[in-house]
Amino acid sequence: MTPHFIAEALSRKLGERVSVRDIGMMYAEATPLKASPRKQQADGLSDGVTVLVSGDLSANPQVVESDVCTDSWNDSMVTWLVNPVPIPKLLAEGRLVTASSVEAVRETTAMFAKLDYRFGGGHARSTVVQYIAMEVEPLLKHVRPDTALGKQFLSETAAMLRLAAWMAYDTGRHGLAQQYMTKALHLAREADNRMLGGRILAGMSHQANYLGHYGMAVNLARAAQMGAKDAATPTAMALFSAMEARALASQGDEAACSRALGEAERWFERRTPEDDPVWLRYFDEAELAAEFAHCFRDLGHHHRARDRVLESVELSESLYVRSLSFVRTILATSHVAGGELEHGLAVAREVVTTVADLRSARTRRYVRDFVKQLARYGNDPRVREFQTFAETRLARARSEAGAAK
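Keep in mind it's a predicted model, so treat the numbers as computed, not measured.

Student: Sorry if this is basic, but what is going on with the environment of V82 here?
Tutor: With respect to the secondary-structure elements, V82 resides in the loop between α5 (70–81) and α6 (99–119). Take V82: its relative accessible area is 61%, and that puts it in the exposed class. For the pair V82 and G227, spaced 145 residues apart in sequence, the C-alpha to C-alpha distance is 9.4 Å.

In structure tokens:
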């Protein structure tokens, strides 16, 4: 384990990731830097986070390149819905958590979230992990979950871990993202924050759906709704219903998807944005329209998807560059599906230009999926020209990003 701790210490000091291979101790790559679930439950609040962040900072491949485990999603649902909140252990006071500590984590999470929206998850992911390691993790050792202030700090920490998970997910590190989500849910449970726990389960649903685990995605979204009932704002409940609708659309269950979308709309009509926590305020009219667009696309209703995309684009703030890239790719797909090849390719070219500057694996996958839709046009020279443009532009962006590192 020593090489991993050395690499972690150097990473924190230098402000950039240093792996065990970088320090000439590549033999330690085969040594897992993990704790068993049973041990993590027995340890303090910070221990599971410490192990995960240490493995991330030291670029331990068994952490950073880990695979998704479907059993972990099941365990998360069962624990959230069935197990009571653990009885807090009395901890020595040591370094005190203050109201300022809570505010600092909340504001920092909001700042990093804006960078994520604008530049993609890969832009500031390592910086978020550094912040957790240097500013948040040391305080976790002294949090009192039986106090109001302790619960607030745990909630804000869980929100930051959820953001770290989302950034890992956006960059294609799915096992790592799942681990951060699991830790975030554990802290939300300790804080007895049912709405935030629901948001984390909804994030798990989003990832499961993206990876093709549609049934699991439905269950996770429903667990979010069940666990947060009577404890979440209407906006949160609308989001949870929208995630259920997405997964049902992926399954091709149009009737159930329509029901879930209707539920999302009914909740959304009751929302009061001022009552929503900072981490939920992104879910506005534009975002709801985008969820409808995704569902209609997956159900094959391209004309309805196009209408919702146009609504989303009109309502969206310019900050949400990644989200706009997603829905504009759906717009391009709807044009092509409707026989408007020229129009679809024109929209797609604009998307590729934007995506090339984003550090987001998900936006690139949307582009690849769009290209697959062009197969029915065979060797049409317009399609070949677009494919060449997209491949060249995205490859150059990857090369430039690699050189910048």
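Student: Any chance you could explain the packing of helix α16 (residues 321–337) against helix α17 (residues 341–355) here in plain terms?
Tutor: For any two helices packed against each other, the geometry is given by the interaxial angle and the distance between the axes. Interaxial distance between α16 and α17 falls to 8 Å at its minimum, and their mutual angle equals 160 degrees. Classified by the angle between their axes, α16 and α17 sit roughly antiparallel to one another. Read as a crossing pair, α16 and α17 show a hand that is left-handed. Residues V321, S325, R328, T329, L331, A332, H335 and V336 of α16 form the contact with α17, whose own contacting residues are L341, H343, G344, V347, A348, E350, V351, T354 and V355. When its residues are assigned to classes, the contact of α16 with α17 shows nine nonpolar, six polar and two charged.

Student: Can you help me understand α17 in this one?
Tutor: Structural remark: α-helix, 3.6 residues per turn; residues separated by three or four positions point the same way. When the terminal C-alpha atoms of α17 are compared, their 20 Å separation across 15 residues agrees well with the 21 Å that a helix rising 1.5 Å per residue should span. Among the residues of α17, those classed as buried are L341, G344, L345, V347, A348, V351, V352 and V355. Taken end-on, α17 shows its buried residues confined to a sector of 165 degrees, consistent with a single buried face.

Student: Looking at this structure, how should I read helix α11 (residues 214–228)?
Tutor: With 15 residues, α11 extends 21 Å from end C-alpha to end C-alpha; this agrees with the ideal 21 Å at 1.5 Å per step. All buried positions along α11 are accounted for by M216, A217, V218, L220, A221, A223, A224, Q225, G227 and A228. Where α11 is buried, its residues contact α5, α10 (194–210) and α12 (234–251). Phi turns positive, to about 70 degrees, at D230, one or two residues after α11.

Student: Mind showing me how you'd approach a nonpolar patch on the surface here?
Tutor: A contiguous nonpolar surface patch, about 390 Å² in accessible area, is contributed by V78, L81, V82 and M226. Relative to the helices and strands, L81 is located in helix α5. Residue class for L81 comes out partly exposed when judged on its relative accessible area of 35%.

Student: Hey, could you run me through empty space enclosed by the protein in this one?
Tutor: Gaps between atoms show up when a probe of the same size as a water molecule is rolled over them. Applying the stated criterion across every chain yields a total of one cavity of 30 Å³ or more. Of the voids in this model, the largest cavity is the one considered here, and its volume is about 40 Å³. Listed by contribution, the elements that provide at least two residues to the lining of the largest cavity are α16, α17 and α18 (361–373). Residue contributions to the lining of the largest cavity peak at three residues, all from α17. Classifying every residue of the lining of the largest cavity by side-chain character gives seven nonpolar, one polar and no charged.

Conventions we followed
Residues numbered from 1 in each chain as written. Predicted model: local features only at pLDDT ≥ 70, side-chain atom pairs only at ≥ 80, totals over all residues. Heavy atoms only, no water. Helix = DSSP H or I, 4+ residues; strand = E, 2+ residues; numbered from the N terminus. Buried < 20%, exposed > 50% of the residue type's maximum accessible area, 1.4 Å probe, protein only. Axes fitted to C-alpha atoms, helices over the stretch in contact; angles between N-to-C directions. Parallel < 35°, antiparallel > 145°, perpendicular 65-115°, else oblique. Left-handed = near helix turned anticlockwise from the far one by under 90°. Contact = heavy atoms within 4.5 Å. Nonpolar A, V, L, I, M, F, W, Y, C, P; charged D, E, K, R; others polar. Expected span 1.5 Å × (residues − 1). Arc of directions from axis to C-beta. Patch = residues over 30% accessible without salt bridge, like charges linked within 9 Å, V, L, I, M, F, W, Y side chains within 5 Å. Areas by Shrake-Rupley, 256 points an atom, 1.4 Å probe, with all protein chains shown as cover. Salt bridge = Lys/Arg side-chain N within 4 Å of Asp/Glu carboxyl O. 1 Å grid on protein atoms, 1.4 Å probe; cavity = no way out; pocket = protein on both sides within 12 Å on 5 of 7 lines; lining within 4 Å. Points joined across faces, edges and corners; volume = space filled by probe spheres on them.

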